[in-house]
Every structure is written in structure tokens, then in C-alpha cells.
Amino acid sequence: MNRTRYLTLIGTIITQFALGSVYTWSLFNAQLSDKLDEPVSQVAFAFGLLSLSLAVASSLAGKLQERFGVRNVTLGAGVLLGIGFFLTAHASNLAMLYLCAGILVGFADGTGYLMTLSNCVKWFPERKGLISACSIGAYGLGSLGFKYINLLLLSNNGLEATFQLWGLIAMSMVLVGGMLMKDAPQQAASVQQTESRDFTLAEAMRKPQYWMLALMFLTACMSGLYVIGVAKDIGENMVGLPAVVAANAVAIIAMANLGGRLVLGILSDKMSRIRVITIAQLITLAGMVLLLFVPLNANLFFVAVACVAFSFGGTITVYPSLVSDFFGLNNLTKNYGVIYLGFGLGSIIGSIVASLFGGFMATFNLILVLLVVALVLSLTIRPPAPKANYAD
């Protein structure tokens, strides 16, 4: 049993590293723009579609795992990922790019991401925070590692060959990782004695706590994804930094994001997870207050975006375990899957608000209001009573 769960952990880390590679997408926008003769903004929309498709697939992966098992679904996701990148290499227009890179790659990535993470957490009920940190940390490191892999591929090959090789490498890693995985037992004996609630998705969605957690997650994702996505532009346009200096925000965000995953993930095994989320919300609030109300220089700007990135990384690490604290481990993939739709929604709502109401400040103000509401929710929410106390 011990050997099986550690092999599953190794397989999950390898798979997550490969799946995290999609976050290097911005490296290809300019070349794809030239190839398709389309504006960069139109090409970049493929990544927005990818994020949305990823979130939708994550919400469906639990059903697939129930039917086919974690290994088979992961292997299928790996093959689909390879096919998606291969077809992306041959995309000759925006519609094909959106279908291949946005929908196919996004669906493959989302299918593997949440399901393998949730399955791994179930294998280690006594160390849920640490395991989430290892798994989601590997996903974050994948974006960093593949940045150098893809830059090397681009410098030695054409755009099409790079996409094909990227797909081959990522697919191979997911296939190797998938072969090491096994489905976690329905419930470990150590948990059986202490687990007092285990809600199905339908039961969980009837509880107000479920939607409170969903709103808090949406808020964290909107603040993190929006600020991370436009950090360089904020530095140039709001702070007046030269482009080269503003670009340093990308490295600072990557380090802060990874730091949040590790620090808050490990901390969540040592104290109440909802209090860890409260801490993350307060740190995000500090960052947003700096962006909204303080005259910024380079250092304050970097502190502000680091606060947001640290909290975002920590929140998405702690949340799977937090949802299992509230609604049990057995249905975690499905219960967290619907909440995880907030990742996809958060990635587009911030951009829509900014385009409709005139830029960064409109979105920052919306995020500030939502953060205050989310903070109140995190301070007042309590886990639902055990199912035995309910008629349902």
C-alpha cells in the first residue's frame, strides 16, 4: 500500500509538471501572429479559451475517473494533449487555432490536472496540504521548466516543429506518470474513524457553504489571474516603468506564486485551512490596496503583485484539501470540479470588466469589493453538520 501511494505521488508530480507547460503559451503569441497574419490579441485569445476549457474539463473528470479509472483517463489525457499540440502546429487560421490549442489542449490538460491531484490527495489523508503543495508546485514548476525547454526548441527549430516536439515531450511525461498511478481506496481506514461527512455533489450543492467556498475561490482566481496576466502592462502604464524593468514582474510573480503554494500548503496541515485562506485574502487585500490607493514606485509595485501572486498560488494549493474538509474525500474530484469552474470564469471576468469599463482600475475596484465579501465569508463559514443530522 505504501509503495503504491508513493508511486502514485511520483506519477502525479511527473504528470503535473508536463501539464503545467501550457502556461508558456505567451512565448508563441508573436510568431503565431506572424504565421496567421492576425493581431496578437486575437492569437492570445486561444489561451483564454484554453483556461476556460481546462476548468470545464476539470469539472467533468470525476465522472470519467469513476468509469475508467485514474490511470486510463490520464493516459487518454496524455494522448489527447499530444494530438492537440500536433494539430496546433498545423493550424492555418484562427478557428483551427482556437479549436486545437484552446479546446483540445485545454480539455486534455484539465482532465488530467484536477483528477490526478484529487486522487493523490486521497492517498495521503494525513498530509493533504503537503501533497497538494507537491502536486500543484510541480504544475507551477512545469511552466518554469518548459519555458526554457520551449525557448531552446524555438531557437533550434521552426514554430511547427517546436509545437510537435513540445507535444511529444509532454505526452510522454503524462503517459509515464499515468502508468505509475492507481485509484485511491474509497476511504483509508485512518480516515474512516474521523470522517463524519462525505457529501455527493448534489448534496454538497444544496449547502450554502458550497457556494460560499465557490465565491471565495472565484475571487481569488480573478485577482490572481487578472493581475498576473497584465502585470507587465501595469508596471509600464500605471507606474511608468521601462519595459525591461516592468518585465521583472514576471519573474517575481513566478517566485511568489511558487512560494505561496509551498508555504501556505504546508501551513494548512498545521492549522485550520479556512484560516489559511483568510491569511491569503488579507495578503491579497494588502496588494490591491497598494495598487489602488498608494502612489507606486518600482519596489511597491513589485510588492503588490508579489502579494497577489503569493496568495493566489497558496489558495489554489489549499482549496482541494479545504473542500475535502467540508464535504469529504470520496467525491472530492466532482465536488471541487464544479468550484474549479471559478478558475475559468475568473480568468475572463476580469478582462471583460476592464474592456467594458475602461482599464485596470475598474477591475481592481471590483476585486477589492469581492475580497471584502470573501473575507467576511471566510471568517463566518462553518463546515456543514454531518449528514446523519439531515433528512437528506
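Thresholds, definitions, all that
- Residues numbered from 1 in each chain as written.
- Predicted model: local features only at pLDDT ≥ 70, side-chain atom pairs only at ≥ 80, totals over all residues.
- Heavy atoms only, no water.
- Helix = DSSP H or I, 4+ residues; strand = E, 2+ residues; numbered from the N terminus.
- Contact = heavy atoms within 4.5 Å.
- Disulfide = S-S within 2.5 Å.
- Buried < 20%, exposed > 50% of the residue type's maximum accessible area, 1.4 Å probe, protein only.
- Phe/Tyr/Trp six-rings, centres within 6.5 Å; stacked < 30°, edge-to-face > 60°.
- Domains from an automatic or database assignment.
- Buried area = accessible area lost by both parts, 1.4 Å probe.
- Salt bridge = Lys/Arg side-chain N within 4 Å of Asp/Glu carboxyl O.
- Polar contact = N/O pair within 3.5 Å; in protein donor to acceptor, adjacent residues only side chain to side chain.
- Nonpolar A, V, L, I, M, F, W, Y, C, P; charged D, E, K, R; others polar.
- Expected span 1.5 Å × (residues − 1).
- Axes fitted to C-alpha atoms, helices over the stretch in contact; angles between N-to-C directions.
- Left-handed = near helix turned anticlockwise from the far one by under 90°.
- Bend = angle between axes of the 7 residues up to and from the residue.
- 1 Å grid on protein atoms, 1.4 Å probe; cavity = no way out; pocket = protein on both sides within 12 Å on 5 of 7 lines; lining within 4 Å.
- Points joined across faces, edges and corners; volume = space filled by probe spheres on them.

**A word on the environment of Arg382**
Okay, so step 1: Inspection of the secondary structure puts Arg382 in the segment after α17 (360-380).
Okay, so step 2: Each C-alpha atom, one on Arg382 and one on Pro242, is 47 Å from the other, the two residues being 140 residues apart in sequence.
Okay, so step 3: For Arg382, the contacting residues outside a window of four places in its chain are Gln209 and Phe326.

**Some points on the state of the cysteines**
Okay, so step 1: In total, this model carries zero disulfides according to the counting rule given.
Okay, so step 2: Lacking any disulfide linkage, Cys134 is separated from the closest cysteine sulfur, that of Cys120, by 8.2 Å.
Okay, so step 3: For Cys134, a relative accessible area of 29% puts it in the partly exposed group.
Okay, so step 4: There is no disulfide at Cys307, and the cysteine sulfur nearest it, in Cys221, is 18 Å away.

**Remarks on the packing of aromatic side chains**
Okay, so step 1: On inspection of all chains with the given rule, the structure shows 26 aromatic pairs.
Okay, so step 2: Both rings, one in Tyr226 and one in Phe364, keep their centres 6.1 Å apart while their planes meet at 75°; by these two values the pair is edge-to-face. Within this pair, whereas Tyr226 is found in helix α10 (residues 208-237), its partner Phe364 is found in helix α17, the two being separated by 138 residues in sequence.
Okay, so step 3: The exposure class assigned to Tyr226 is buried, which follows from its relative accessible area of 6%.
Okay, so step 4: Judged by its relative accessible area of 0%, Phe364 falls in the buried class.

**Looking at the domain arrangement of the chain**
Okay, so step 1: Split by domain assignment, the chain resolves into domain 1 (1-184) and domain 2 (197-383).
Okay, so step 2: Summarising the inter-unit geometry, the C-alpha centres of domain 1 and domain 2 are found 22 Å apart.
Okay, so step 3: Across the contact, 32 residues belong to domain 1 and 28 residues belong to domain 2.
Okay, so step 4: Buried area between domain 1 and domain 2, summed over both chains or domains, comes out near 2400 Å², and the portion from carbon and sulfur atoms is 68%.
Okay, so step 5: For domain 1, the biggest contributors to the area lost against domain 2 are Lys122, Lys128 and Ile136; these three give 21% of the whole.
Okay, so step 6: Joining domain 1 to domain 2, the criterion identifies two salt bridges.
Okay, so step 7: Of the charged contacts in the structure, one is a salt bridge between Lys334 and Glu66, with a shortest N-O distance of 2.4 Å.
Okay, so step 8: Put simply, domain 1 and domain 2 have nine residue pairs in polar contact (both at pLDDT 80 or more) between them.
Okay, so step 9: Every element with two or more residues in the side of domain 1 that touches domain 2 is listed here: α3 (40-68), α5 (94-123) and α6 (128-156).
Okay, so step 10: Looking at the side of domain 1 that touches domain 2 element by element, the count peaks at twelve residues for α3.
Okay, so step 11: Residues that form the side of domain 1 that touches domain 2 fall into these classes: 17 nonpolar, ten polar and five charged.

**Quick look at helix α16 (residues 341-357)**
Each turn of an α-helix holds 3.6 residues, which means side chains three or four residues apart point in the same direction.
Okay, so step 1: Along its 17 residues, α16 runs 24 Å from first to last C-alpha, staying within 8% of the 24 Å computed at 1.5 Å per residue.
Okay, so step 2: Listed in full, the buried residues belonging to α16 are Gly342, Phe343, Gly344, Gly346, Ser347, Gly350, Val353 and Ala354.
Okay, so step 3: Positive backbone phi, approximately 95°, marks Gly358, located one or two places after α16.

**Topic: the packing of α10 against helix α13 (residues 273-293)**
Packed helix pairs are characterised by how far apart their axes lie and by the angle those axes make with each other.
Okay, so step 1: Interhelical geometry of α10 versus α13 gives an angle of 35° and a closest axis separation of 12 Å. The element α10 and its partner α13 pack so that their crossing is left-handed. Note on element contacts: α13 touches α10 through Ile274, Gln281, Thr284, Met288 and Leu291, opposite Leu213, Met216, Ser223, Val227 and Ile234.
Okay, so step 2: The residue inventory of the contact of α10 with α13, partitioned by class, reads seven nonpolar, three polar and no charged.

**So, the pattern of salt bridges**
Okay, so step 1: Here the structure, examined in full by the defined rule, presents six salt bridges.
Okay, so step 2: The salt bridge partner of Asp269 is Arg273, with a shortest N-O separation of 2.9 Å.
Okay, so step 3: For Asp269, a relative accessible area of 27% translates into the label partly exposed.
Okay, so step 4: Arg273 sits in the buried class, given a relative accessible area of 11%.

**What to know about helix α14 (residues 298-327)**
Okay, so step 1: The end-to-end C-alpha distance of α14, which contains 30 residues, comes to 43 Å, matching closely the 44 Å that a straight helix rising 1.5 Å per residue would cover.
Okay, so step 2: Most pronounced at Tyr319, the bend in α14 amounts to some 40°, and the proline Pro320 follows within four residues.
Okay, so step 3: Counting buried positions along α14 gives 24 out of 30 residues, so the element sits mostly inside the fold.
Okay, so step 4: Taken from the residues just after α14, Gly328 is the one with a positive phi, measuring 90°.

**Observations regarding the layout of surface pockets**
Okay, so step 1: The computed volume of the largest pocket comes to approximately 1900 Å³.
Okay, so step 2: Surrounding the largest pocket, 49 residues form its lining, Tyr23, Ser26, Phe47, Ile228 and Gly229 being those nearest its centre.
Okay, so step 3: Elements supplying a minimum of two residues to the lining of the largest pocket: α3, α6, α10, α12 (248-267), α14 and α16.
Okay, so step 4: Its residues assigned to classes, the lining of the largest pocket shows 32 nonpolar, 13 polar and four charged.
Okay, so step 5: Looking at which domains feed residues into the lining of the largest pocket, each of domain 1 (1-184) and domain 2 (197-383) supplies at least three.
Okay, so step 6: Considering only enclosed or pocket space, the second largest pocket measures out at about 250 Å³ in volume.
Okay, so step 7: Every residue lining the second largest pocket is counted, 15 residues in all, and those nearest its centre are Gln65, Glu66, Lys122, Gln186 and Asn330.
Okay, so step 8: If you list the elements that add at least two residues to the lining of the second largest pocket, you get α3, α5 and α15 (332-339).
Okay, so step 9: Looking at the lining of the second largest pocket residue by residue, the class counts come to three nonpolar, eight polar and four charged.
Okay, so step 10: A domain split of the lining of the second largest pocket shows at least three residues from each of domain 1 (1-184) and domain 2 (197-383).

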